[in-house]
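Listed here are the chains, written in short residue letters.
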Amino acid sequence: LKHCAMEGQPSDPSSQLSPEAARELFTALAVAEGPPKAADAPEAPIESQPLVWAGKARPTNLREVLEGLTCQNRKVEVNPGDVLMAMVGAHPRWTLTAGALAVVKDVLRPLQLEVKPSWELRGHQKAGYNWLMSRAAGQMGALLADSMGLGKTRQAIAYILGIRAGLQASEKGEDSSAPKLKGSWGRALVLAPAMLVRGEDSVWQRELREASAQWQGQLK
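What you are looking at is a predicted structure, and each value in this text was computed from that prediction instead of being measured. (Residues numbered from 1 in each chain as written. Predicted model: local features only at pLDDT ≥ 70, side-chain atom pairs only at ≥ 80, totals over all residues. Heavy atoms only, no water.)

Undergrad: Which residues make up the confidence of the model for the chain, and what values do they have?
TA: Residues of the chain with pLDDT of at least 70 account for 77%, and the chain-wide mean is 79. By mean pLDDT, helix H1 (residues 19–33) is the weakest element of the chain at 63, and strand S4 (residues 94–96) is the strongest at 95. In this model residues 1–8 is a low-confidence stretch, pLDDT under 50, and it forms four contacts with partners more than four residues away in sequence or in other chains. (pLDDT = per-residue confidence, 0-100. Helix = DSSP H or I, 4+ residues; strand = E, 2+ residues; numbered from the N terminus. Contact = heavy atoms within 4.5 Å.)

Now the structure itself:
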């Protein structure tokens, strides 16, 4: 506006807008901006939808569970995270019917496997071994997060041996105390700080020697 005072200069009363000009200016601004916007309405909550187990055979792993879940008689695309969140009632969209929930819990239930006394595993280590092997049988990953000093290394070694036994039993068609697993046995990769695996006196080397003596089997 050419009649506005320059910055740093006193305004001239003759340069002020008249009431009529001010009304015309505010009217023009209102027309340019359009009508006032209504406040954003809150988003409607997503209605939960039940997942139904429609499979015919009893699933042995979580992948088969996903393939057998339907909603309103239609196949749905869900991932393991969706199912686990729905199982505990934390998913914003999906829920599980009683039948689907029973199927998921059955797949996730830890196996009760034979643990030889010569392994000298404590009670919580036996439970950890069963849980780890159950995850392997269900084609799922696992995270063992016991506190320091509770024998996670020994449980991990037992898990490696269980995986080897399950794979070899499947290859040879033999019975085994470990669940039969798909695949072939090659090598186990241990990722750990160098101080835990390097040298004959390292934690892993010592645990492997003790396990080999207790379990009377070659671990290599």
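Undergrad: Describe the pairing of strand S1 (residues 49–53), and please don't skip the residues or the numbers.
TA: Pairing between S1 and S4: three bridges, direction parallel. Of the residues in S4, the one forming a bridge with Pro 50 is Thr 95. As defined by bridge partners, S1 adjoins strand S2 (residues 69–71) across two bridges and the pair is classed as antiparallel. From the neighbouring strand, Val 52 faces S2, where its bridge partner is Thr 70. (Pairing = 2+ DSSP bridges.)

Undergrad: Which residues make up the environment of Glu 207, and what are the values?
TA: Within the element layout of this structure, Glu 207 appears in helix H8 (residues 203–215). Between the C-alpha atoms of Glu 207 and Arg 154, which are 53 residues apart in sequence, the distance is 6.7 Å. Apart from the residues within four sequence positions on either side, Glu 207 is in contact with Thr 153, Arg 154 and Ile 157. A distance of 2.6 Å separates polar atoms of two side chains, one belonging to Glu 207 and the other to Arg 154. (Polar contact = N/O pair within 3.5 Å; in protein donor to acceptor, adjacent residues only side chain to side chain.)

Undergrad: Give me the lowdown on the nonpolar core, citing residues and values where you can.
TA: With 18 residues, the main nonpolar core has Leu 51, Val 65, Leu 69, Val 78 and Trp 94 as its most contacted residues. If you list the elements that add at least two residues to this core, you get helix H2 (62–67), S2, helix H3 (80–87), S4 and helix H4 (98–108). Sort the elements by how many residues they give to this core and H4 lands first, with five residues. In this structure Leu 69 touches Leu 51, Val 52, Trp 53, Lys 75, Val 76, Val 78, Val 83 and Ala 100, once residues within four positions along its chain are discounted. The next biggest cluster of nonpolar side chains, apart from the first, holds 17 residues, and it includes Leu 113, Trp 119, Tyr 129 and Ala 158. (Core = buried A, V, L, I, M, F, W, Y, C linked by side-chain atoms within 4.5 Å. Buried < 20%, exposed > 50% of the residue type's maximum accessible area, 1.4 Å probe, protein only.)

Undergrad: Please set out the pattern of salt bridges residue by residue, giving values where relevant.
TA: Tallying each qualifying case throughout the model produces six salt bridges. Close ionic contact of Asp 106 with Arg 109 constitutes a salt bridge, the shortest N to O distance being 2.8 Å. According to the relative accessible area criterion, Asp 106 is partly exposed, its value standing at 25%. Residue Arg 109 is classed as partly exposed on the basis of its relative accessible area of 47%. In this structure, Glu 207 and Arg 154 form a salt bridge, with 2.6 Å as the shortest nitrogen-oxygen distance. Taken as a pair, Glu 207 in helix H8 and Arg 154 in helix H6 (residues 152–172) lie far apart in primary sequence, 53 residues in all. Like Arg 154, Glu 207 is buried. One salt-bridge network, held together by shared partners, links Arg 58, Asp 106 and Arg 109. (Salt bridge = Lys/Arg side-chain N within 4 Å of Asp/Glu carboxyl O.)

Undergrad: Before we move on, could you go through helix H5 (residues 123–137) and cite the residues and values that matter?
TA: Taking 1.5 Å of rise per residue, 15 residues should cover 21 Å, and H5 covers 21 Å from first to last C-alpha, within 8% of that figure. Among the residues of H5, Gln 125, Gly 128, Tyr 129, Asn 130, Leu 132, Met 133, Ser 134, Arg 135 and Ala 136 are the ones counted as buried. Gln 139, located one to two residues past H5, shows a positive phi value of around 55°. (Expected span 1.5 Å × (residues − 1).)

Undergrad: Run through the packing of H3 against H4, naming residues and quoting values.
TA: Packed helices, taken two at a time, are described by their axes: the angle between them and the distance between them. At a minimum axis separation of 11 Å, H3 and H4 run at an interaxial angle of 110°. What the angle tells us is that H3 and H4 run roughly perpendicular. In this structure, the crossing between H3 and H4 has a hand that is left-handed. Contacts from Val 83, Leu 84 and Met 87 in H3 reach Leu 101, Val 104, Lys 105 and Leu 108 in H4. (Axes fitted to C-alpha atoms, helices over the stretch in contact; angles between N-to-C directions. Parallel < 35°, antiparallel > 145°, perpendicular 65-115°, else oblique. Left-handed = near helix turned anticlockwise from the far one by under 90°.)

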